[in-house]
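Observations on the model geometry
Below, each chain spelled out in residue letters.
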Amino acid sequence: MAFNTRIRVPATAKAGEIVEIRAMIMHPMENGFRVDTQGTAIPVDIITDFVCSYDAAEIFRVRLEPGLAANPYFSFFLKATRSGVVEFAWTAQDESVTTASAPIEVT
Amino acid sequence: MLLLAASPASGDSPADAAKAGRRSGYEFLTPPTQQLQNDEFANPGMLWVEAGKALWSQREGATHKSCADCHDDAAKSMRAVATRYPAYSKEAGRVINLEQRIDRCRTRRQQASALVYESKEQLALTAFVSSQSRGLPTNVAIDGGAASSFERGREFYVQRRGQLNLSCANCHDQHVGAHLRGDTISQGQVNGFPIYRQLWQTLGSTHRMFAWCNEAVRAEPYAAGSQEYVDLELYVRWRGRGLPLETPAVRR
């Protein structure tokens, strides 16, 4: 089962309005310091980058490190200036990318 | 006479549960954790509920049918279903829980492989189905075919076990509200399962919790999905009768 994501972008906003954007991904964020029941070290398995872009321009970027809790959740604010698509991309350590997007209409 | 006639069919309401002093684990949480559960978006358990929603309409097995092909809209067909489980199944000849009910549907109706207990898929489907009963009171049947199972569950609950020689009742009946290391001892109600447990950083089933508790008293845990745990689950659900379902609840 692929890692699923949850995002929240308001469908509409007034020009200049500051809106809250929320994004979450299902991911174990294995920090590499744990061992399984057999005593074998569980290898690191984390998301390394999270990027949010608005109308093709990058507005938010996070570099994630081991030691973050599972299922990382970000909430931040965006000044709505024009209609466009808000895109989210999570990059895992193996370079695989999970994406999600939602349009926002600015009136 | 009238009271006797009226009580068995309807079951306890949340108000009855409150009056009887039954308290959800939610009441033992700190406000920030309660807020996390209340927040429809931030509640991490919703990741599994949404994954379960996707699985609901995914075609599986030799019959190439999805859950939705038979049960249609889960909001209607699965409403209040989770409040009745574990329940006696005539077909199985024993009490089965919701996870096992879903599995029977998979193996018999869809002719697909059973889900691995505690797998992401099983947790997701169980959480999705249970969440359709959110706010509805727990109401399991303990008569008929379920009677012997219920009795075994009750015995399990009061049986001392492990190197610490503690029964479930020693903590969850006799020391509710007391502190155990950094935690407050709850009544051990399971109305929010599957729960997102912060300690586990993932969703977990009632049986994982039972096993965890058994290990905490240094007893050999039973396997997830074992009849011992299904019986215990039935008893514990009955013990919390009337408590509204909270799936997916957030717990420490």
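Quick look at the overall build of chain A
Of the regular secondary structure elements, chain A holds zero helices and eight strands. Starting at the N terminus, the α and β elements of chain A follow one another as β-β-β-β-β-β-β-β. Per-residue burial for chain A yields a buried fraction of 39% across its 107 residues. Look at the contacts in chain A between residues 6 or more apart in sequence, and 56% of them connect residues 24 or more apart. Carbon and sulfur atoms provide 53% of the accessible area of chain A, an area that totals close to 5900 Å². Taking the average place of the 9 positive charges on the side chains of chain A and the average place of its 13 negative ones, the gap between the two points comes to 9 Å.

Things to note about the interface of chain A and chain B
In this assembly, 16 residues from chain A lie in contact with 16 residues from chain B. Of the roughly 1500 Å² buried between chain A and chain B on both sides combined, carbon and sulfur atoms contribute 61%. Here Arg6(A) ties to Glu50(B) by a salt bridge, and the two come within 3.4 Å at their closest N and O atoms. Here chain A and chain B share seven residue pairs in polar contact (both at pLDDT 80 or more) between them. Here the residues of the side of chain A that touches chain B sort into ten nonpolar, three polar and three charged.

A word on the sheet that holds strand 4 (residues 47–54) of chain A
With mixed pairing, the five strands of this open sheet are ordered in space as 2-8-7-4-5 (chain A). Bordering the open sheet on either side are strand 2 (12–13) and strand 5 (57–63) of chain A, each of which pairs with just one other strand.

Notes on helix 3 (residues 31–38) of chain B
Residues and elements named next belong to chain B. Along helix 3, the positions that sit buried rather than exposed are Thr33, Gln34 and Gln37. In a view along the axis of helix 3, the buried residues occupy a sector of 100 degrees, so they form one face of it. Residues of helix 3 that are exposed and point over 90 degrees away from its buried face: Pro31, Pro32 and Gln35. Tucked inside the fold, the buried residues of helix 3 contact strand 7 (249–251).

Considering the pattern of salt bridges
Residue and element names in this part refer to chain A. Counted by the stated rule, this structure contains 22 salt bridges over all chains. Its salt-bridge partner being Glu20, residue Arg22 comes within 3.8 Å of it at the nearest N-O pair. Look at Arg22 and you get buried, because its relative accessible area is 11%. In the salt-bridge network here, residues are joined through shared partners; they are Asp49, Glu58, Arg61 and Arg63.

Examining the nonpolar core
Core analysis: the largest hydrophobic core is formed by 33 residues, its most contacted members being Trp48(B), Trp56(B), Leu98(B) and Leu125(B). Considering every element that reaches this core, the biggest residue donor is helix 4 (residues 45–56) of chain B, with seven residues. Counting residues in hydrophobic clusters, the runner-up holds 25 residues, among them Ala13(A), Ile46(A), Val86(A) and Ile104(A).

Observations regarding the confidence of the model for chain B
Per-residue pLDDT for chain B has a mean of 93; in total, 96% of the residues score no lower than 70. At the level of chain-chain contacts, confidence expressed as ipTM amounts to 0.88, with global pTM at 0.91.

Focus: the packing of helix 7 (residues 98–109) of chain B against helix 8 (residues 120–131) of chain B
Relative placement of two packed helices is described by the angle separating their axes and the distance separating the axes. Residues and elements named next belong to chain B. Look at helix 7 against helix 8: their axes get within 10 Å of each other, and the N-to-C directions meet at 110 degrees. When the axis of helix 7 is compared with that of helix 8, the two are roughly perpendicular. Packed against helix 7, whose contacting residues are Leu98, Glu99, Ile102 and Asp103, the element helix 8 presents Gln122, Leu125, Thr126, Val129 and Ser130 at the interface. Among the residues making up the contact of helix 7 with helix 8, the classes are represented as four nonpolar, three polar and two charged.

Section: the packing of aromatic side chains
The relation between two aromatic rings is expressed through the spacing of the ring centres and the mutual angle of the planes. This structure, assessed with the given rule, holds 19 aromatic pairs over all chains. Considering the side-chain rings of Phe50(A) and Phe88(A), the 6.3 Å spacing of their centres and the 15 degrees angle between planes classify their relative orientation as stacked. Placement of the pair is Phe50(A) in strand 4 and Phe88(A) in strand 7 (residues 84–92), with a sequence separation of 38 residues. Each member of the pair, Phe50(A) as well as Phe88(A), carries the same accessibility label: buried. Through successive ring pairs, a cluster of aromatic residues spans Phe50(A), Phe60(A), Phe74(A), Phe76(A), Phe88(A) and Trp90(A). The cationic tip of Arg6(A) hangs over the ring face of Phe41(B); the distance from NZ or CZ to the ring centre is 5.0 Å. The side chain of Arg197(B) reaches across the aromatic face of Trp200(B), ending 4.9 Å from its centre.

A word on the pairing of strand 4 of chain A
Look at any regular strand and the pattern is simple: side chains alternate between the two faces of the sheet. All names here are of chain A. In terms of burial, strand 4 is a largely internal element, eight of the eight residues being buried. The sheet contact formed by strand 4 and strand 7 spans seven bridges and is antiparallel. From the neighbouring strand, Cys52 faces strand 7, where its bridge partner is Phe88. When strand 4 meets strand 5, the two strands line up antiparallel, connected through six bridges. Considered in strand 5, the bridge of Phe50 is made with Val62. What sits between strand 4 and strand 5 in their antiparallel hairpin is a turn of two residues, with Asp55 showing a positive phi close to 50 degrees.

Here's the deal with the packing of helix 11 (residues 206–216) of chain B against helix 12 (residues 227–239) of chain B
Residue and element names in this part refer to chain B. Two numbers describe how helix 11 lies on helix 12: the axes approach to 10 Å, and their chain directions differ by 100 degrees. When the axes of helix 11 and helix 12 are compared, the pair comes out roughly perpendicular. Every residue of helix 12 that contacts helix 11 at Thr206, His207, Phe210, Ala211 and Asn214 is listed here: Tyr229, Val230, Leu232, Glu233, Val236 and Arg237.

Criteria and cut-off values
Residues numbered from 1 in each chain as written. Chains lettered and ligands numbered in written order. Predicted model: local features only at pLDDT ≥ 70, side-chain atom pairs only at ≥ 80, totals over all residues. Heavy atoms only, no water. Helix = DSSP H or I, 4+ residues; strand = E, 2+ residues; numbered from the N terminus. Buried < 20%, exposed > 50% of the residue type's maximum accessible area, 1.4 Å probe, protein only. Contact = heavy atoms within 4.5 Å. Areas by Shrake-Rupley, 256 points an atom, 1.4 Å probe, with all protein chains shown as cover. Lys, Arg positive; Asp, Glu negative; His and termini not counted. Charge placed at Lys NZ, Arg CZ, Asp CG, Glu CD. Buried area = accessible area lost by both parts, 1.4 Å probe. Salt bridge = Lys/Arg side-chain N within 4 Å of Asp/Glu carboxyl O. Polar contact = N/O pair within 3.5 Å; in protein donor to acceptor, adjacent residues only side chain to side chain. Nonpolar A, V, L, I, M, F, W, Y, C, P; charged D, E, K, R; others polar. Pairing = 2+ DSSP bridges. Arc of directions from axis to C-beta. Core = buried A, V, L, I, M, F, W, Y, C linked by side-chain atoms within 4.5 Å. pLDDT = per-residue confidence, 0-100. Axes fitted to C-alpha atoms, helices over the stretch in contact; angles between N-to-C directions. Parallel < 35°, antiparallel > 145°, perpendicular 65-115°, else oblique. Phe/Tyr/Trp six-rings, centres within 6.5 Å; stacked < 30°, edge-to-face > 60°. Lys NZ or Arg CZ within 6 Å of the ring centre and 35° of its normal.

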